[in-house]
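What follows is the residue order along each chain.
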Amino acid sequence: MQQVRALAGRIAPHLALLAAAAGFVFLFSFSSSPLYLGYGGDSSVYKNMGWLILQGGTPYVDLYDNKGILLYLFNALGLLISPQWGICALQTLMLWGTLTVWDMMLREFGMGWARYAAIAVALLVLLLYYEGGGLTEDLSLLFISVPLYIWVKAERRDAEIPMRGWLAMGLCAGTLAFIRINNVLPFAGFYLWSLGEMAVGRKWKLLARSLGMAAAGFAVVAALCVGYVAAAFGWPGVAAMFDWMFAKNFSRILFHSDRGATLNGYVAVLPPPVRFVADNHV
C-alpha cells in the first residue's frame, strides 16, 4: 500500500500538469480546439500548409509562407491524426512538456508546492500573448525552455554545462530554426555568456568541444529537415524552402516593399543595447 501511495505521489504532479495543459489549450486555442468553429490569422496559413503536404503539394512552391518546414509538418501530423482535434492534442502534449520543464526549473530554485502557483501565473502571462494558439511561439516554447533549464541547472549547481547539454541545446536550436529562426534568440544570450566565461577562463578545449556538440545537434536537425524536403519535393523544394525561410525573412527585416531599405530596418538587426540607443536618438 505504501508503494502504491508513493507511486501515486510521483504520478499526481505530472497528471496535474497534463490537466492544466489540456484545459488551457482546449479553452484558449481558438485555432484548433473542437470547442470553436474556426479561426483565421497566421494559424490558418500553417494549417493550409499542412493540408497541402497531405495532399501531395510542395510547400514554398504551391503555397508561399516564410516559416519553417517543421511548423507545417506539425500541422500536417495533427490533421492526419484528426482534422477535428489532432492539432489540439499535439499542442496539449507540447504544452505539457513545457510545463514539466518549468516545474523542473522551479525545483532547481528549491520551490515546493508554491511552484504550481508560479506555473499558474506563468500560464496567465502566456494567455496574454497566446493569440488563439497555433502560432510559432507556442510550438517553440518547449524548445526554448529545455535549454534554459539546462543553463539554470548548471548555474544553480555551480557546474559546467555537460556535453549532452550542449548537444541538446544544438538540437533545440536546430528545431527552432526550422520552425522560425527568430525564436532561437530567447535563450541564445545565456549560452553566449557561458561561452564568454570559458574564453575568459582560457578553457579553449572545453569551448571548442561545447561549440562542436552544439553544432552537431544543430546539424542533425538541419540534415533531417533538408533530407526530408529533398526526398519528398526534390531539390527545387529545398531551394524554395531556404529562399523563404532565410533569404526572404532577412530581407523583410531590412526592407519595406514600398520604400526599399530604411534606417529602422538596419536598427532592427543591431544588438539590443545598441538598438536601444539608436531607437531613442535616431
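These numbers were taken from a predicted model, which means no experiment stands behind them.

What counts and what doesn't
- Residues numbered from 1 in each chain as written.
- Predicted model: local features only at pLDDT ≥ 70, side-chain atom pairs only at ≥ 80, totals over all residues.
- Heavy atoms only, no water.
- Helix = DSSP H or I, 4+ residues; strand = E, 2+ residues; numbered from the N terminus.
- Buried < 20%, exposed > 50% of the residue type's maximum accessible area, 1.4 Å probe, protein only.
- pLDDT = per-residue confidence, 0-100.
- Contact = heavy atoms within 4.5 Å.
- Phe/Tyr/Trp six-rings, centres within 6.5 Å; stacked < 30°, edge-to-face > 60°.
- Salt bridge = Lys/Arg side-chain N within 4 Å of Asp/Glu carboxyl O.
- Expected span 1.5 Å × (residues − 1).
- Arc of directions from axis to C-beta.

Attention now moves to the overall build of the protein. A tally of regular secondary structure across the protein gives 11 helices and 2 strands. Ordered by position from N to C terminus, the α and β elements of the protein give α-α-α-α-α-α-α-α-α-β-β-α-α. For the protein, with 282 residues in total, the buried portion stands at 43%.

Overall, the predicted model of the protein reaches an average pLDDT of 86, with 84% of residues at or above 70. Between residues 257-263, whose pLDDT stays under 50, and residues either more than four places distant or in other chains, the model counts 8 contacts. Note that residues 273-282 has pLDDT below 50 and, in this model, 7 contacts with residues that lie over four places away or in other chains.

Following the sequence through the fold, alanine 230 ends up in helix α9 (residues 204-254). When residues no more than four places from it in sequence are discounted, the contact partners of alanine 230 are Trp235 and Val238.

Tallied over the entire structure, the rule returns 11 aromatic pairs. Each ring, one from tryptophan 113 and one from tyrosine 116, has its centre 5.3 Å from the other, and the planes form 35°; the classification is tilted. Through successive ring pairs, a cluster of aromatic residues spans Phe24, Phe28 and Tyr130.

Turning next to the side chain of asparagine 183. By the element assignment, asparagine 183 lies in the loop between α7 (163-180) and α8 (185-200). Judged by its relative accessible area of 8%, asparagine 183 falls in the buried class. Aside from chain neighbours lying at most four places away, what touches asparagine 183 is Thr136, Glu137, Ser140, Ile144 and Leu176.

Right, let's talk about the pattern of salt bridges for a bit. One pass over the full model with this rule turns up 5 salt bridges. Note that arginine 180 is salt-bridged to glutamate 137, the shortest N-O span being 2.9 Å. Remark: glutamate 137 occurs in helix α6 (residues 136-156) and arginine 180 occurs in helix α7; sequence separation between them is 43 residues. Residue classification places arginine 180 among the partly exposed positions, given a relative accessible area of 25%. With relative accessibility at 39%, the residue glutamate 137 sits in the partly exposed group. Between glutamate 160 and lysine 203 there is a salt bridge, with its nearest N and O atoms 2.7 Å apart. Residue glutamate 160 is found in the loop between α6 and α7, and its partner lysine 203 is found in the loop between α8 and α9; the two are separated by 43 residues along the sequence. Given the relative accessible area of 40%, glutamate 160 is considered partly exposed. According to the relative accessible area criterion, lysine 203 is partly exposed, its value standing at 39%. Bridged by salt links that share partners, the residues Asp103, Arg107 and Arg115 form one connected network.

This paragraph deals with α8. Taking 1.5 Å per residue, 16 residues should reach 22 Å; α8 reaches 23 Å between its end C-alpha atoms and fits that length. Turning to α8, its buried residues are Phe187, Tyr191, Ser194, Leu195 and Met198. Buried residues of α8 fall within an arc of 95° about the axis and therefore sit on the same side. Turned more than 90 degrees off the buried face of α8, the exposed positions are Leu185, Leu192, Trp193 and Val200. Within two residues after α8, arginine 202 carries a phi angle of roughly 55°, on the positive side.

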